[in-house]
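The chain contents come next:
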Amino acid sequence: MSGPLVVLVGPMGVGKSTVGQQLADRLGVAYRDTDDDIVAGQGRAIADIFVEEGEPAFRAVEKAAVLRALAEHDGVLALGGGSILDEETRGLLAGQRVVYLSMDVEEAVKRTGLNAARPLLAVNPRKQWRELMEARRHLYEGVATVVVPTDGRTPEEVTQAALDALELTASTGGQLPDPRPEDVMASQVTRIRVGGSAGSESYEVLVGRQLLGELAGLIGDRAKRVAVIHPEALADTGEALRADLAEQGFEAVAIQVPNAEEAKTAEVAAYCWKALGQSGFTRTDVVVGVGGGSTTDLAGFVAGTWLRGVRWIAIPTTVLAMVDAAVGGKTGINTAEGKNLVGAFHPPAGVLCDLAALDSLPVNDYVSGLAEVIKAGFIADPVILDLIEADPEAARTPAGPHTAELIERSIRVKADVVSSDLRESGLREILNYGHTLAHAIEKNERYKWRHGAAVSVGLHFAAELGRLAGRLDDATADRHRTVLESVGLPLHYRYDQWPRLLENMKVDKKSRGDLLRFIVLDGLAKPTVLEGPDPAVLLAAYGEVAE
């Protein structure tokens, strides 16, 4: 028989890569994956092809890759989940040893989580799964020599079941290989503990992929109702989560709010309170906030003020929300007088940072979030700066090699600080490095600037202020500019706006009476407070930033 020794087919997340490699090792042959071929040939991720060119264009690329691999490869070959949609491909599989790896709905949700519609995000995993299987199951079964269920089985058990079903003999003395590093990484979930001091309950921030299976456990058994607060831009995601929770037995409602900072108003909060009241929300029910930092700020505030506080869970979908807004329990809304002036300290019951959400984030939004990551590097963890400086271009994309580490390190910085200072009475102020000017810029721009862009300018200003105040060495001050600029963040703001910015800063939360307070550095990772700086020094520092 010409062609591959074994061909694996099945939906995304079923484990074709892991089982395929183990089958190849057991049989003493080479392993090949057509998805890997596509990525290597195109020089970009499959998700990028979908987004940039659409599914029909991707299917054409996929078909060419499959036909080439079927003709060239004689070992174990894994095909992409949708490759069997092509009639010519199905014809070429006739006569081949084809293993269909199957799994049921519940197992699919556990494995694929928020990324269930790879490479698209915003769908109901269970509904998506059923629709996919209704369209594809008969195609998988039609090309299969054998069907091997994967539910409740380890990759080793699935590998052995495939060998037994195909009546193939593993190579003499063959041992089951250790999982490949990339397969281990794909399933890793990092758990970061926050709180547990000063009378506050601790909670976990989970970072990884395929995290949706954790949501019901965080909601708990006591809750009857769940409200999913989401921005207009994530309408499909919000409805999908609502429907998914409804299928699990909760009385779930989706509450759509405006995008970005427009959500953080008293009027929008009141709209959410009304929805909770009409839904009969009690103290044992749960709010879920899914979206960027503005949405999680609002959702936490709504939860903290409804019935004097109900439990809430954050599902941040941006870098900014993951590393900053969703961690620490600071919730709030804006007023005409300033940002976050009305709020409450109300920690979540848990935070799910599913990195799959970043795959479809626009590059400007992704880069904006890096300002908070870089801030964490300067105030506490210089390794963050080293990782970015090693490859700034890679740091600008979620496909970069250090994405998970950068986000985890940033979260740990904030978690360590807020665990020691829940209510911003002391140490927690260091998290506002660069934010005094940043908030003034945001207010001046009527919140049309991205938060990360304003923070970047604020960090540049704070570095210059520290230098001119005699606190910060030149090398570390200069490093602010080079690191921020290397990833494409802005460094400057309009010179003629200084009087207005100064007025805005006087109502900053860190101010005490009329005394301006700034976080500056005494050196790398040595933040401190600078109170009442000379107005001439402030103006000189802004002169270095202004254009």
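Residues numbered from 1 in each chain as written. Predicted model: local features only at pLDDT ≥ 70, side-chain atom pairs only at ≥ 80, totals over all residues. Heavy atoms only, no water.

Some points on the pairing of strand E9 (residues 251–257)
Phase 1: Note: strand E8 (residues 225–231) against E9, 7 bridges, orientation parallel. The partner of Pro 231 across the bridge, within E9, is Val 257.
Phase 2: Handedness of the crossover is the feature at issue here: the chain leaves E8, passes through helix H11 (residues 235–247), returns alongside E9, and the resulting connection is right-handed. (Pairing = 2+ DSSP bridges. Helix = DSSP H or I, 4+ residues; strand = E, 2+ residues; numbered from the N terminus. Right-handed = clockwise from strand over helix to strand, strands pointing away.)

Re the sheet that holds strand E3 (residues 76–78)
Phase 1: Read from one edge to the other, the open sheet built from 5 strands follows the order E2-E3-E1-E4-E5, with strand pairing classed as parallel. Each edge of the open sheet is held by one strand with a lone partner, namely strand E2 (31–33) and strand E5 (146–149). Geometrically, the sheet is characterised by an average inter-axis angle of 25° between neighbouring strands, direction not taken into account.
Phase 2: Bridge count between E2 and E3: 3 bridges; the pairing is parallel. Paired with Tyr 31 across the bridge in E3 is Val 76.
Phase 3: Strands strand E1 (6–9), E2, E3 and strand E4 (98–102) of the sheet are contacted by helix H1 (residues 16–27), whose axis makes an angle of about 165° with E1.
Phase 4: Those strands touched by helix H2 (residues 34–42) are E2 and E3, and its axis lies near 65° from that of E2. (Axes fitted to C-alpha atoms, helices over the stretch in contact; angles between N-to-C directions. Contact = heavy atoms within 4.5 Å.)

Topic: the pattern of salt bridges
Phase 1: Going through the model one piece at a time under the given rule, you end up with 37 salt bridges.
Phase 2: In this structure, the salt-bridge partner of Glu 214 is Arg 191, at a minimum N-O distance of 3.0 Å. One end of the pair, Glu 214, is in the loop between strand E7 (203–208) and helix H10 (215–219); the other, Arg 191, is in strand E6 (residues 189–194), with 23 residues separating them in the sequence.
Phase 3: Salt-bridge contacts for Glu 251 lead to Arg 225; the nearest nitrogen and oxygen are separated by 3.5 Å. (Salt bridge = Lys/Arg side-chain N within 4 Å of Asp/Glu carboxyl O.)

Quick notes on the side chain of Thr 295
Phase 1: Along the chain, the position of Thr 295 falls in helix H13 (residues 293–305).
Phase 2: Other than its neighbours up to four places away in sequence, Thr 295 contacts Ile 229, His 230, Pro 231 and Val 290.

Topic: the confidence of the model for the chain
Phase 1: Looking at the chain as a whole, its pLDDT mean stands at 86, while 88% of the residues score no less than 70.
Phase 2: The weakest mean pLDDT in the chain belongs to helix H9 (residues 181–187) at 42; the strongest belongs to helix H21 (residues 474–486) at 98.
Phase 3: Here residues 114–123 is modelled with pLDDT under 50, and outside its nearest four sequence neighbours on either side it reaches 25 contacts, counting other chains as well.
Phase 4: This stretch, residues 171–187, has a pLDDT under 50; its non-local contacts, to residues over four places away or in other chains, come to 18 contacts. (pLDDT = per-residue confidence, 0-100.)

Here's the deal with the sheet that holds E8
Phase 1: Taken together, the 7 strands give an open sheet; going across it, the order is E6-E7-E14-E11-E10-E8-E9, and neighbouring strands pair in mixed fashion. Of all the strands in the sheet, just E6 and E9 have a single pairing partner and so form its edges. Taken over all neighbouring pairs, the strand axes of this sheet differ in orientation by 15° on average, direction set aside.
Phase 2: Contacts between helix H18 (residues 403–420) and the sheet are confined to E6, E7 and strand E14 (350–354), with E6 contributing the most and set at about 20° to the helix.

Re unusual backbone geometry
Phase 1: Backbone geometry places Arg 446, a non-glycine residue, at a positive phi of 55°.
Phase 2: Looking at the element boundaries, Arg 446 is found in the loop between helix H19 (435–444) and helix H20 (451–468).
Phase 3: Note on Arg 446: relative accessible area 68%, which makes it exposed.
Phase 4: The residue Ala 525 is not glycine, and still its phi comes out positive at about 65°.
Phase 5: Among the structural elements, Ala 525 can be located in the loop between strand E15 (517–521) and strand E16 (527–531). (Buried < 20%, exposed > 50% of the residue type's maximum accessible area, 1.4 Å probe, protein only.)

Considerations on the packing of helix H15 (residues 363–379) against H20
Two packed helices can be described by the angle between their axes and the distance between those axes.
Phase 1: Orientation of H15 relative to H20, taken along the N-to-C sense of each, is 40°, at an axis distance of 6 Å. Taken together, the axes of H15 and H20 are oblique relative to one another. For the pair H15 and H20, the sense of crossing is left-handed. Contacts from Ser 368, Ala 371, Glu 372 and Lys 375 in H15 reach His 451, Gly 452, Ala 453, Val 455, Ser 456 and Leu 459 in H20.
Phase 2: Among the residues forming the contact of H15 with H20, the class breakdown is 4 nonpolar, 4 polar and 2 charged. (Parallel < 35°, antiparallel > 145°, perpendicular 65-115°, else oblique. Left-handed = near helix turned anticlockwise from the far one by under 90°. Nonpolar A, V, L, I, M, F, W, Y, C, P; charged D, E, K, R; others polar.)

Quick word on the environment of Ser 83
Phase 1: The residue Ser 83 is located in the loop between E3 and helix H5 (87–93) in this model.
Phase 2: Along the primary structure Ser 83 and Ala 60 are separated by 23 residues, whereas in three dimensions their C-alpha atoms are 9.9 Å apart.
Phase 3: Residue contacts for Ser 83: discarding those within four places in its chain leaves Arg 59, Glu 62, Val 66 and Thr 89.
Phase 4: Among the polar contacts made by the side chain of Ser 83, one reaches the main-chain carbonyl oxygen of Gly 80 at a distance of 2.8 Å. (Polar contact = N/O pair within 3.5 Å; in protein donor to acceptor, adjacent residues only side chain to side chain.)

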